[in-house]
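What the coordinates show
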Amino acid sequence: MLNILVVDDEKTIRDGIVRSLSDVQERYRVAGEAENGEKALELVTACAPDIIITDINMPRMNGLDFIENVKALNPNVKMIIISGYDEFDFAQRALKLGVSEYLLKPLDRETLLEAVGNVCAEVEKSNRLLYDMEKLTQLMSENMPAARERFLNKLITGKRGLELEEAAARAEYLQMDLSGELYTLVLMKIISSSPSSPHPDDPAIDSEEFILSFIQNAWRELFDRSVRVHPFFFREGKIGMLVCSQEPSRSKVFTSLHQSLGRMAAHIERNFGLNLFISVGNLYDRLASLPECCKEADEALHYSTVLEQGAIVHCADVHLRQEKSYGRPVELEKKLIVHLKLCERAQAFRVIDELFRYYASLDDGGSAYIKMMVFELSVMLVRVLDESLGTESLSGLAGKNLYGDVFHCAKLNDLHTWLLRLAESGMAGMEELHRNKHASLIEKVKSMMAAYMDEPELSVEFLAERLYISPNYLRHLFKKQVGASFVETLTRLRMEQAMEMLADPTVKIQDIAERVGFNDSRYFAFCFKKYSQLTPSEYREMKQLE
C-alpha cells in the first residue's frame, strides 16, 4: 500500500480529495492531511508519504516552496499539484521540481483518480527497480567469492577473455588488492588424513573446502605483513594461493614465504590431522608472468606427488642445472609416449633400447645427468598414465618413489631394466582400462539390440550411427569381445526371444515374427527352422506337449 499525503488550505476540497481516494484502497491509502505547507512538512517524516497531493496557493508556505523543502528531505516522493492558476511560470517551476502531475481546478473525481493511478504506477515501477537493484546487489555480494575464483583462474592460466590491462580494474571491482613488487603462485593438494587425526569422524575436515576456508580466515596470522594472499580453488582438487608481496628483495620473500608455508602446513597437520603437498613457482615482478608461474607450480606439485613427499617443493628443485649439459633425445621421448598411449609393447621397448644406446654414448661424467633425464622422462610417462588411469592407479607402477628408484640405480643397465618395467606396468594398466571400456561399450550394444529387437533395419550400421563410432570398428570389436559376429548374435537373440513367445499359444506367429524384427513371416519361419531344426508351429506343439 502506498501512502498519500493531502495538502490544501480549503477543507471542503481536502475532504473531497480524501473521500475520493478512500473509495479506492487496493493500491494506496491516505496517510495524512494538512491545511498548509508548514504543517504538511511536519507530517512528511511521520507518515512517510510515497505521493503528495498539494495545492499551490496556501498561507504560510505555498505549494511550490513546500515541494522544494520535501524534495530536500526525500527526493523520491512523487508530487501532484492541484492549482487554480493556469500560468506558464507555475508549470515551468513545477517541472523543474520534478512534479509528476499538474491538475487544474475545478477537479472532477475521474481526473483525480486517473492522475493518482498514473503516479502510483510510476512509484511501483520505481520500487520494483529499486527492489531489483537491491536483489542484484545482494546476488553480486553472494556470488563475489565465485567471481573472484573465476577471475584468478583466468589470470593465472592466461585464458582468453581477460586482457592483462583489464586485470587491475577487474581486481578493484572484485575488491581485491593485487598491487605488489613480486608475485608467485602456491599450489596445494591434500595427501591424506593422519592416522592420529584429532577429527577422525568428521568428513568435512578432510576436504578442500575446509582448507580453503581456513586459509581465507587465517593467512594474515600465518604470513608476513608485507604479503597479501588470495586463496582459491584450482583445477583437479587443488587449492591455489596468489601471493602478492610488497617486499622487493627476492631472497627475503623466498625465505619468508617458505617459513610461512611451513607454519601453515604444520598447523593444519597438528590441528586437523591433514597432510598437504605444497609447491611454489618462481617469483615474478609482473602479473603478466603468472601463467608461466602457474605452469611451474603445477609441474612442481606433480613432482612432489610423484615423489610422495609432503615437503614444500619449489619449481627450481625439479630443474637441476648441470654445469655440463647434454642434448635430450626429445623425438625418441615423444615416440615412447605415443607407443605407451597405444599400448604398442614391441615398438615401446625398441624405443627404450634406442634411448639407452643414446645414453650409453654419453661420457662417464654424464651419469648424474642421465639419471635426471630418465627421471624426467619417467615423470612424463606417469603424467600420461595419470590422465588415463587416475592417481590411485599409479601406486603399482614400478615402485612408489620414482626419484628414489631412479637415483638408486647403480648402473645404466639397472636404469634400462627399471624403465622397461615402468613402461610394462603402465601399458598393462592401459590395456585393462581399454578392456573395461570395450566391455562397457559391448554391454551397451547388447542393451540396444534388445531395445531395437523389433526393428527390421537393426544392424551394425544402425547401432554405430547412434553410438557415433565407425561400423567397421564396432563390427571388429564386437567379434573380438563376444566371440561371435554381430549377425550371428542378433539371430540367436531373436530366435531365443521368439522361442519364449511361442510358448504362449495365444500369440500369433505373425505377431511374434514382427516383434523380433521380421516383416515376412515365411522368412521368419525359414530362419527359425534353420536355427532350431523345427518350424515355429512344430516348436509350439512340442512346448505344449511338455
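Provided above is the structure to which this section pertains.
What comes next is a walk through the structure. (Residues numbered from 1 in each chain as written. Predicted model: local features only at pLDDT ≥ 70, side-chain atom pairs only at ≥ 80, totals over all residues. Heavy atoms only, no water.)

Quick look at the overall build of the protein
- If you tally the helices and strands in the protein, you get 20 helices and ten strands.
- Buried positions account for 42% of the 546 residues belonging to the protein.
- Considering only contacts within the protein whose residues lie at least 6 apart along the sequence, 67% involve residues at least 24 apart.
- Accessible area for the protein stands at about 29800 Å²; split by element, carbon and sulfur atoms hold 50% of it. (Helix = DSSP H or I, 4+ residues; strand = E, 2+ residues; numbered from the N terminus. Buried < 20%, exposed > 50% of the residue type's maximum accessible area, 1.4 Å probe, protein only. Contact = heavy atoms within 4.5 Å. Areas by Shrake-Rupley, 256 points an atom, 1.4 Å probe, with all protein chains shown as cover.)

Looking at the layout of surface pockets
- Estimated volume of the second largest pocket: approximately 400 Å³.
- Of all the elements in the fold, those that place two or more residues in the lining of the second largest pocket are α5 (109-157), α7 (208-222) and β7 (227-233).
- The biggest single contributor to the lining of the second largest pocket is β7, with six residues.
- Here the lining of the second largest pocket is built from residues that sort into ten nonpolar, three polar and five charged. (1 Å grid on protein atoms, 1.4 Å probe; cavity = no way out; pocket = protein on both sides within 12 Å on 5 of 7 lines; lining within 4 Å. Points joined across faces, edges and corners; volume = space filled by probe spheres on them. Nonpolar A, V, L, I, M, F, W, Y, C, P; charged D, E, K, R; others polar.)

Focus: the packing of aromatic side chains
- One pass over the full model with this rule turns up ten aromatic pairs.
- A centroid spacing of 5.0 Å and a plane angle of 75 degrees characterise the contact between Tyr 452 and Phe 462, whose relative ring orientation is edge-to-face. In this pair, Tyr 452 is assigned in the loop between α14 (412-451) and α15 (460-467) and Phe 462 in helix α15, connecting sequence segments ten residues apart.
- Phe 462 sits in the buried class, given a relative accessible area of 11%.
- Taken together, the ring pairs connect Phe 518, Tyr 523, Phe 524, Phe 526, Phe 528 and Tyr 539 into an aromatic cluster.
- It is Arg 466 that lies over the ring of Phe 462; its NZ or CZ is 3.6 Å from the centre.
- Over the face of the ring belonging to Phe 518 we find Arg 494, whose NZ or CZ atom lies 5.8 Å from the ring centre. (Phe/Tyr/Trp six-rings, centres within 6.5 Å; stacked < 30°, edge-to-face > 60°. Lys NZ or Arg CZ within 6 Å of the ring centre and 35° of its normal.)

A closer look at the pattern of salt bridges
- Scanning the entire structure with this criterion turns up eleven salt bridges.
- Across the salt bridge formed by Glu 122 and Lys 78, the nearest N and O atoms sit 3.3 Å from each other. Of this pair, Glu 122 sits in helix α5 while Lys 78 sits in strand β4 (residues 78-83), and the two are 44 residues apart along the sequence.
- Look at Lys 78 and you get buried, because its relative accessible area is 18%.
- Across the salt bridge formed by Glu 461 and Arg 475, the nearest N and O atoms sit 2.7 Å from each other. Linking Glu 461 in helix α15 with Arg 475 in helix α16 (residues 471-482), this pair joins segments that are 14 residues apart in sequence. (Salt bridge = Lys/Arg side-chain N within 4 Å of Asp/Glu carboxyl O.)

Observations regarding the environment of Val 253
- Mapped onto the fold, Val 253 is located in helix α8 (residues 250-272).
- Residue Val 253 is classed as buried on the basis of its relative accessible area, which comes to 5%.
- Placed 71 residues apart in sequence, Val 253 and Leu 182 show a C-alpha to C-alpha distance of 8.2 Å.
- Not counting residues up to four positions away in its chain, the partners in contact with Val 253 are Leu 182, Ser 245, Glu 247 and Leu 283.

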